[in-house]
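Read off the chains here:
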Amino acid sequence: MKRILLFLATNLAVVVVLGVVTRLLGLDRFLGAYGLNLPALLGFAAVIGFGGAFISLLMSKTIAKFSTGAQVIEQPRDQAEAWLLDTVSRLAANAGIGMPEVAIYEGEPNAFATGARRDHALVAVSTGLLQTMSREQAAAVLAHEVSHVANGDMVTLTLIQGVVNTFVVFLSRVVGFLVDSALRRGDAEDRGPGMGYFVTTLVCDILFGVLASMIVAWFSRQREFRADAGSARLLGSPQPMIGALRRLGEMQPGGLPRNLATAGITDRPAWMELFASHPPLEQRIAALQGQRA
């Protein structure tokens, strides 16, 4: 449950902050002062929605390194790091992307990929994963993360987040205006939007943001199936990824900071499925077995 709350907080935080800043600067006030100008409101919502999503994307590598303590491998210090660099280099070449930065961080089994560009991404793996998986299984996980980069999943997810953020901002302010108008009915003095508008807008930003997270989570689940299939293509067989997923099923995947919740390996109880960024391991294994058949 903690991971879900952190995941939702990430999706909402930038949008809410931008909304508050524009409100303090007076950029939001004209939208409700003399009635709603819906085209102007939609443009405003798009700037806030996509602005928040792309700011998060552009900061993703820096935040990822800082929040996990990941150390980029410049020169391999041992055989494990040399193998890691060589494997990612080979997979990236086969996938047709530039060599990503490769990093290691201390923690339980997990891995993630992030970055704004396909040819300048970051692939990070935990020490726990390297210590508990065979080389074949670890290579499958790395191929999965490289496939995320090759598929452009970070940018696509950002665009989807921008669209849903836009509708969250737009609908929140429409509802806020209607509530404020109802509360101030009969007030002859036009003083622009009142407290009802600001409070309702903030509450709706959070409520609609939670609902929008279901859409983003659904897309995130679909991209995991594609990355699993990409791992199978890069390695020439789905068996290594199947083995890696089965191995993960025997362990508890390590937690990631909220900004990376959709980037790493997770598994959740069925009742949380609407908010899950990853499908159940059983479904992913079944999809790969179907591919093998």
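Data block above holds the structure.
Residues numbered from 1 in each chain as written. Predicted model: local features only at pLDDT ≥ 70, side-chain atom pairs only at ≥ 80, totals over all residues. Heavy atoms only, no water.

Caption draft 1: Molecular detail of the overall build of the chain. Along the chain, the regular secondary structure elements total 11 helices and four strands. The burial tally for the chain puts 51% of its 293 residues in the buried class. Contacts spanning at least 24 positions in sequence make up 71% of the contacts within the chain whose residues lie at least 6 apart. Accessible surface for the chain amounts to roughly 13,700 Å². Of this, 63% is attributable to carbon and sulfur atoms. (Helix = DSSP H or I, 4+ residues; strand = E, 2+ residues; numbered from the N terminus. Buried < 20%, exposed > 50% of the residue type's maximum accessible area, 1.4 Å probe, protein only. Contact = heavy atoms within 4.5 Å. Areas by Shrake-Rupley, 256 points an atom, 1.4 Å probe, with all protein chains shown as cover.)

Caption draft 2: Looking closely at the nonpolar core. Counting 38 residues, the largest nonpolar core has Leu84, Leu129, Met133, Leu142 and Leu245 as the members making the most contacts within it. Mapped onto this core, the elements with two or more residues apiece are helix 5 (79-95), strand 2 (101-105), strand 3 (111-114), strand 4 (122-126), helix 7 (135-150), helix 9 (195-235), helix 10 (239-249) and helix 11 (281-292). For Leu245, the residues in contact, after removing those within four places along its chain, are Asp228, Leu281, Arg284, Ile285 and Leu288. (Core = buried A, V, L, I, M, F, W, Y, C linked by side-chain atoms within 4.5 Å.)

Caption draft 3: Broad picture of the pairing of strand 2. Buried residues dominate strand 2, accounting for four of its five residues. When strand 1 (residues 71-72) meets strand 2, the two strands line up antiparallel, connected through two bridges. Within strand 2, the residue paired with Val72 across the bridge is Ala103. Here five bridges tie strand 2 to strand 4, and the two strands are oriented parallel to one another. Along strand 4, the bridge assignment pairs Val102 with Val123. (Pairing = 2+ DSSP bridges.)

Caption draft 4: Summary view of the side chain of Thr87. With respect to the helices, strands and loops of the structure, Thr87 is situated in helix 5. Thr87 sits in the buried class, given a relative accessible area of 0%. The contact partners of Thr87, leaving out residues within four places of it in the chain, are Ala139 and Leu142.

Caption draft 5: Molecular detail of the pattern of salt bridges. Applying the stated criterion across every chain yields a total of nine salt bridges. For Glu224, the salt bridge is made with Arg223, and the minimal N-O distance between the two is 3.8 Å. Neither residue differs from the other here; Glu224 and Arg223 are each classed as buried. Across the pair Arg284 and Asp228 runs a salt bridge, and its minimum N-O distance is 2.8 Å. One end of the pair, Arg284, is in helix 11; the other, Asp228, is in helix 9, and 56 residues separate them in sequence. Taken individually, Arg284 and Asp228 each receive the classification buried, so the pair is uniform in this respect. A single network of salt bridges, built from pairs that share partners, joins Arg223, Glu224, Asp228 and Arg284. (Salt bridge = Lys/Arg side-chain N within 4 Å of Asp/Glu carboxyl O.)

Caption draft 6: Expanded view of helix 9. Here helix 9 spans 59 Å end to end across 41 residues, near enough to the 60 Å set by a 1.5 Å rise per residue. Along helix 9, the helix axis deviates most sharply at Val210, where the bend reaches about 25°. (Expected span 1.5 Å × (residues − 1). Bend = angle between axes of the 7 residues up to and from the residue.)

Caption draft 7: Spatial organisation of the packing of aromatic side chains. On inspection of all chains with the given rule, the structure shows two aromatic pairs. Relative to Phe112, the ring of Tyr105 has its centre 5.8 Å away and its plane inclined at 40°; by these criteria the two rings are tilted. Relative accessible area serves as the criterion here: at 0%, Phe112 is assigned to the buried category. Summarising the aromatic geometry, the rings of Tyr197 and Phe198 are spaced 5.4 Å apart at their centres and angled 75° between planes, so their arrangement reads as edge-to-face. You can call Tyr197 buried: its relative accessible area is 1%. A residue is classified by how much of its surface remains accessible, and Phe198, at 23% relative accessible area, is partly exposed. (Phe/Tyr/Trp six-rings, centres within 6.5 Å; stacked < 30°, edge-to-face > 60°.)

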